[in-house]
Amino acid sequence: MGKSEKEKMITGELFDVYNDELVAERGAARKQVEAINALGESHPEQSEKLVKKLFGATGKDVSVHASFKCDYGYNIYVGEDFFANYDCVMLDVAPIRIGKHCLLGPKVQIYSVNHPSDPKLRRNGAMGIGKPVTMGDDIWVGGGAIICPGVTLGNNVIVGAGSVVTKSFGDDVVIAGNPARVVKHLD
């Protein structure tokens, strides 16, 4: 028997976005996300419990401000001392792994999904391809930055506000621009 669409999605193969199982899982995640967003900052302990239930794994001290959005939640793995400011989006078709002591500014977008270049396969968004995103420890992503599918960032990386990160970078750098490039090396 062949792989399920979910297995294809997680392993980075072309998959049917509108598969019944995946549609149902996105619907269940959406309900959890709506509950997190409804709490806002008024009940941080309850919000943290819901985030820990939604995400695949977390460390201690996880804070996600409304209005957060994701596809599945179970493909998001964050270390301890994680903070996502207002209006963050994590499209977690493939795993999104973020290390310890990481800060995401407002409106940060992290995408682990892409679509095929063949227009027939791309029509109506019906087919997707997952590409994991991995971010090390001590990362700070400035407001409005976009992290594209397949990107890996090392430890102690600062991403300038509004940057579009289309390729991977190693440790101890400040990156900025569209596309992002190294603007400074950190000691």
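Summary of the structure given here. Since the structure is predicted, the reported quantities are computational estimates derived from the model, not experimental observations. (Residues numbered from 1 in each chain as written. Predicted model: local features only at pLDDT ≥ 70, side-chain atom pairs only at ≥ 80, totals over all residues. Heavy atoms only, no water.)

Quick word on unusual backbone geometry
Heads up, the rule is: Counting from the N terminus, the helices are the DSSP runs of H or I reaching at least four residues and the strands are the DSSP runs of E reaching at least two.
Cis geometry is adopted by the peptide bond preceding Ser-67, which originates at Ala-66 and carries an omega value of -5 degrees. In the segment running from Asn-178 into Pro-179, the intervening peptide bond is cis, with an omega of 0 degrees. Looking at where Pro-179 falls in the secondary structure, it is placed in the loop between strand 18 (173–177) and strand 19 (180–185).

Overview of the sheet that holds strand 15 (residues 152–153)
As a reminder, the rule being used: A pair of strands is labelled paired if DSSP reports no fewer than 2 bridges between them.
The sheet built from four strands is open, its strands ordered 4-7-12-15 with parallel pairing. Edge strands, defined here as strands with exactly one partner in the open sheet, are strand 4 (76–78) and strand 15. Relative to strand 12 (residues 133–135), strand 7 (residues 96–98) runs parallel, the two sharing three bridges. Note that in strand 12 the partner of Arg-97 across the bridge is Thr-134.

Some remarks on the side chain of Asn-75
Filter applied, for reference: Only protein chains enter the calculation, and the probe is 1.4 Å; a residue is then buried if its accessible area is under 20% of its type maximum, exposed if over 50%, and partly exposed in between. Whenever two N or O atoms come within 3.5 Å, that pair is a polar contact, provided that in protein one can donate a hydrogen and the other can accept it, and provided that, for residues adjacent in sequence, both atoms are side-chain atoms. Contacts are assigned to residue pairs with any non-hydrogen atoms lying within 4.5 Å of each other.
Counting through the fold element by element, Asn-75 comes out in the loop between strand 3 (69–70) and strand 4. Under the relative-accessibility criterion, Asn-75 is labelled buried at 3%. A polar side-chain atom of Asn-75 sits 3.0 Å from the main-chain carbonyl oxygen of Asp-92. When neighbours within four sequence positions are excluded, Asn-75 is seen to be in contact with Met-9, Ile-10, Asp-92, Val-93, Ala-94, Pro-95 and Ile-96.

Concerning the pairing of strand 18
Here strand 16 (residues 157–159) pairs with strand 18 via three bridges, running parallel. Counted as the bridge partner of Val-157 is Val-173 from strand 18. Across five bridges, the pairing between strand 18 and strand 19 is antiparallel. Counterpart to Val-173 in the pairing with strand 19 is His-185.

This is a description of form; function is not addressed.
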